[in-house]
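Inside the fold
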Amino acid sequence: MAMRQAVIMALLVSGWSVAAEAQTVHDDILPASIIFATSTGYWEDDGNSLPVERAPTTTQSVSAQNVSGGAAKPEQRHGYYKLFAVRQADKTSRVFLQQIAQIDDGPAILSTVELQEISDLKPYITDIRPENSSGFIKEPGLFATVYLKTDPAAEPDGWTVLIDEFGDITVEKATN
């Protein structure tokens, strides 16, 4: 009986240490400040198009890199968009849009821009939803809804984020 208890105790202790190790290994995958994210839509180009950017007077590019590596001949590129909210210390959020390229080595961030129209509201983000959760989008672009409150006690409002087939970004309060 004592041997059985010792074996069970050893398994429990080793199980907890394995679970703790697995937790620490994956802590850096997604920061705790990312509260909502959705990957949706798609884009494609001939390799000559610029990454998604906004007018410099209202949006600051957080990151931009050329994933083609400066190849002499442009190659057909394609990928998808990621829309996410980052919680700030005051519990309000900033909202960012990333253009992700699908390359041989896996997904790579082509650009990241802040959606100033939403971030300037100092919102409390309650949800971000794509237009279509089936994973299949028929036309290039993005359509998603960001649900937010400007007062924690208020009901959330919907704001749409739309990227058309030409890569033009529109952010506006949703109309029903």
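Notes on the structure follow. (Residues numbered from 1 in each chain as written. Predicted model: local features only at pLDDT ≥ 70, side-chain atom pairs only at ≥ 80, totals over all residues. Heavy atoms only, no water.)

**Examining the nonpolar core**
In plain terms, the rule: Think of a nonpolar core as a cluster: buried Ala, Val, Leu, Ile, Met, Phe, Trp, Tyr and Cys residues, connected wherever their side-chain atoms sit within 4.5 Å. Each residue's exposure class comes from its accessible area (1.4 Å probe, protein chains only) as a fraction of the maximum for that residue type: buried when under 20%, exposed when over 50%, partly exposed otherwise. In DSSP terms, a helix is any run of H or I states spanning at least four residues, a strand is any run of E spanning at least two, and both are numbered starting from the N terminus. Contacts were defined at the residue level, with two residues in contact if any of their heavy atoms lie within 4.5 Å.
Membership of the largest hydrophobic core comes to 23 residues, with the highest contact counts inside it found for Leu83, Leu97, Leu115, Ile118, Ile125, Val146 and Val161. Looking at this core, the elements with two or more residues in it are strand 3 (77–87), strand 4 (93–103), strand 5 (106–114), strand 6 (124–130), strand 7 (142–149), strand 8 (157–163) and strand 9 (169–173). If one sorts the elements of this core by residue count, strand 7 sits on top with four residues. Residue contacts for Leu83: discarding those within four places in its chain leaves Phe36, Ala37, Thr38, Val95, Phe96, Leu97, Leu115, Ile128, Ala144, Val146 and Val161.

**Re the pattern of salt bridges**
Selection criterion: The rule for a salt bridge is simple: a side-chain nitrogen of Lys or Arg has to be within 4 Å of a carboxyl oxygen of Asp or Glu.
In total, this model carries four salt bridges according to the counting rule given. Here Asp45 makes a salt bridge to Arg77, at a shortest N to O gap of 2.7 Å. Residue Asp45 is located in strand 1 (residues 34–45), and its partner Arg77 is located in strand 3; the two are separated by 32 residues in the primary sequence. Grouping residues by exposure puts Asp45 and Arg77 together as buried. When the shortest N-O distance is used, the salt bridge between Lys173 and Asp157 registers 3.6 Å. Highlighted residues: Lys173 in strand 9 and Asp157 in strand 8, separated in sequence by 16 residues.

**So, the environment of Gln102**
In this structure, Gln102 sits in strand 4. A residue is classified by how much of its surface remains accessible, and Gln102, at 37% relative accessible area, is partly exposed. With sequence-adjacent residues up to four places away left out, Gln102 is seen in contact with His78, Gly79, Tyr80 and Pro107.

**With respect to the sheet that holds strand 6**
For clarity, the cut-off: For two strands to count as paired, DSSP must find a minimum of two bridges between them. Helix axes are fitted to C-alpha atoms over the stretch in contact, other axes to C-alpha atoms as well, and angles between N-to-C directions run from 0 to 180 degrees.
Strand order in this open sheet of four strands is 6-7-8-9, and the pairing throughout is antiparallel. Of all the strands in the sheet, the pair left with one neighbour each is strand 6 and strand 9. Taking the axes of each pair of neighbouring strands and ignoring which way they run, one obtains an average angle of 20 degrees across the sheet. Bridge count for strand 6 against strand 7 is six bridges, and the pairing is antiparallel. Looking across to strand 7, one finds that Ile125 is bridged to Leu148.

**As for the environment of Leu110**
As for its placement among the helices and strands, Leu110 is situated in strand 5. Classification of Leu110 as buried rests on a relative accessible area of 1%. Here the alpha-carbon distance between Leu110 and Gln98, two residues twelve residues apart in the chain, equals 7.3 Å.

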